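A look at the structure
Next come the chains, spelled out residue by residue.
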Amino acid sequence: MFESVLVANRGEIARRIIRTVQRMGLRAIAVYSEADADLPFVREADEAILLGPANPAQSYLDAEKVLRAARESGAQAIHPGYGFFSENAAFARAVAEAGIAWIGPSPEAIERMGDKINARNLMEEAGVPVAAGTRTPVTDLEQAVAAAEEIGYPLMVKTAGGGGGIGMGVAHDAEGLAKAFEQASRAAARFGGTPAILLEHYIERARHVEVQILGLTDGTVLALGERDCSVQRRHQKVVEESPSPGITQELRERMLAAAVRAGEAVGYLGAGTVECLVDADKQDFVFLEMNTRLQVEHPVTELVTGIDLVEQQLRIAAGERTDLDATPRGHAIEFRVYAEDPKRFFPGPGKIAVWSEPSGEGVRVDSGYTEGNTVTPFYDPLMAKLCVYGQTRAEALERARGAVADFKVEGPKNNLPFCAELLEHPEFVDGSYDTGLVSRMRA
């Protein structure tokens with residue numbers, strides 16, 4: 001096992017990784033920007049190294065600065081968290097070339113699954129269900145129109161190389177296709193690194209359900225249950241729960257088996273997620289994408305399995321064999337607490353005047369901030385993840401209501417009122433919701 005780990009990230013995920021690193025008796029090294037100097041993760045690390053200004057390109061996304069910090073601190077491994085360099089194959093290679101262990105899958109696996117078109121083609125070859133869609137990159141509107149005539153409307157239009165819901169749009173006709181294609185193309189130019197666009201058949205009443213996998217050192221791929229991520233705004237997740245209340249046991253078993261095949265097809269090592277879209281009416285599913293990193297919502301899997309996924313990432317990267325019971329038990333729900341308007345979901349940064357976290361049986365809070373800190377406009381506005389666990393979903397919902405009411409944040413805008421509203425919405429309470437729930441709530 002390594003003696004020291006550099007965490008190439010910030011906020012709540014850096015703090016959460018540091019916690020496990022130190023619990024394992026290892027030295028945790030943080031890197032930070034000038035804007036984050038007062039955040040808890042900087043103070044709690046065994047060593048913290050300033051990278052540069054707030055602009056991510058001059059700090060967290062400056063590969064040479066991060067590698068220099070690793071070399072100068074004597075870090076034996078780098079954990080990228082999620083976002084930033086977590087799915088950057090070139091950076092993963094640079095880490096290995098520097099003689100430092102990369103806490104993640106191989107650069108080859110990152111590359112193969114990073115392009116959505118290549119990924120869906122590979123999954124189809126592996127026997128994983130995929131939606132009707134384009135099998136080669138679409139680079140202009142004329143190609144898109146021709147493909148749409150073959151696939152049929154409605155269509156989901158998205159970048160081949162992007163993520164996080166950025167640039168995604170739905171087209172119900174040719175006019176909508178032109179608008180969605182332009183939107184996706186702009187996003188691809190800005191974020192995706194490739195102008196390629198992907199078209200897929202759009203499921204009108206869909207649930208977004210993903211499977212947590214863990215690729216072990218002996219080549220075995222485990223499926224650690226599923227998470228339902230259907231509560232979304234602008235195609236971005238807000239609430240996740242495990243197990244999904246909207247699928248049958250038969251469908252669950254098929255999804256878990258497909259996720260294992262997906263991991264085996266790329267020789268996956270470490271923690272990853274196979275994301276699927278479920279047709280809520282037909283109780284069937286198709287592959288959406290594979291995230292070759294730790295997910296924001298990984299705590300719900302940890303709560304129902306009792307497995308520390310960060311610890312397993314470290315042990316797998318160190319070449320250690322592990323024997324795990326992957327059977328989920330009980331029910332867990334995660335609420336992402338954002339510094340944003342709870343009605344329109346626009347970012348609302350500011351200084352935190354009051355910060356009081358809930359506690360008690362079955363309550364877990366992974367936070368990146370505390371009282372007196374400032375949520376700046378330079379990064380994602382996620383402040384914390386409020387997680388609850390119960391033996392049943394009803395018990396988890398009841399604990400969630402109490403925890404949301406007890407979570408006090410003053411200063412920046414926050415979405416806790418939305419979380420409270422959601423917990424009383426009939427569709428969420430009975431588990432019948434789909435990805436259109438938030439839009440209906442705000443219609």
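Just above, that's the structure.
My aim in this report is to walk through the structure given alongside it, one point at a time. A quick note: this is a predicted structure, and the numbers were derived from the prediction, not measured.

Rules of the game
- Residues numbered from 1 in each chain as written.
- Predicted model: local features only at pLDDT ≥ 70, side-chain atom pairs only at ≥ 80, totals over all residues.
- Heavy atoms only, no water.
- Helix = DSSP H or I, 4+ residues; strand = E, 2+ residues; numbered from the N terminus.
- Buried < 20%, exposed > 50% of the residue type's maximum accessible area, 1.4 Å probe, protein only.
- Polar contact = N/O pair within 3.5 Å; in protein donor to acceptor, adjacent residues only side chain to side chain.
- Contact = heavy atoms within 4.5 Å.
- Disulfide = S-S within 2.5 Å.
- 1 Å grid on protein atoms, 1.4 Å probe; cavity = no way out; pocket = protein on both sides within 12 Å on 5 of 7 lines; lining within 4 Å.
- Points joined across faces, edges and corners; volume = space filled by probe spheres on them.

**Focus: the side chain of Glu302**
Within the element layout of this structure, Glu302 appears in helix α10 (residues 298-305). Residue classification places Glu302 among the buried positions, given a relative accessible area of 7%. A polar contact is formed between the side chain of Glu302 and the side chain of Arg364, at a distance of 2.9 Å. With sequence-adjacent residues up to four places away left out, Glu302 is seen in contact with Arg16, Ile307, Asp308, Leu309, Val310 and Arg364.

**Some points on the state of the cysteines**
The tally for this structure, following the rule as stated, stands at 0 disulfides. Here Cys276 stays unpaired: no disulfide links it, and the sulfur of Cys229, its closest cysteine neighbor, is 11 Å away. Residue class for Cys276 comes out buried when judged on its relative accessible area of 2%. Distance from the sulfur of Cys387, which forms no disulfide, to the nearest cysteine sulfur (Cys419) is 11 Å.

**Notes on empty space enclosed by the protein**
Sizing a probe to match a water molecule and rolling it over the atoms shows the empty space that remains. All told, the structure shown has 3 cavities of 30 Å³ or more when counted by the stated rule. Of the volumes computed, that of the largest cavity is approximately 80 Å³. The wall of the largest cavity is formed by Ala131, Met156, Lys158, Met168, Glu200, His201, Tyr202, Leu277, Val286, Phe287 and Leu288. Of all the elements in the fold, those that place two or more residues in the lining of the largest cavity are β6 (155-159), β8 (197-201) and β13 (284-291). Looking at which element gives the most residues to the lining of the largest cavity, the answer is β13, with 3 residues.

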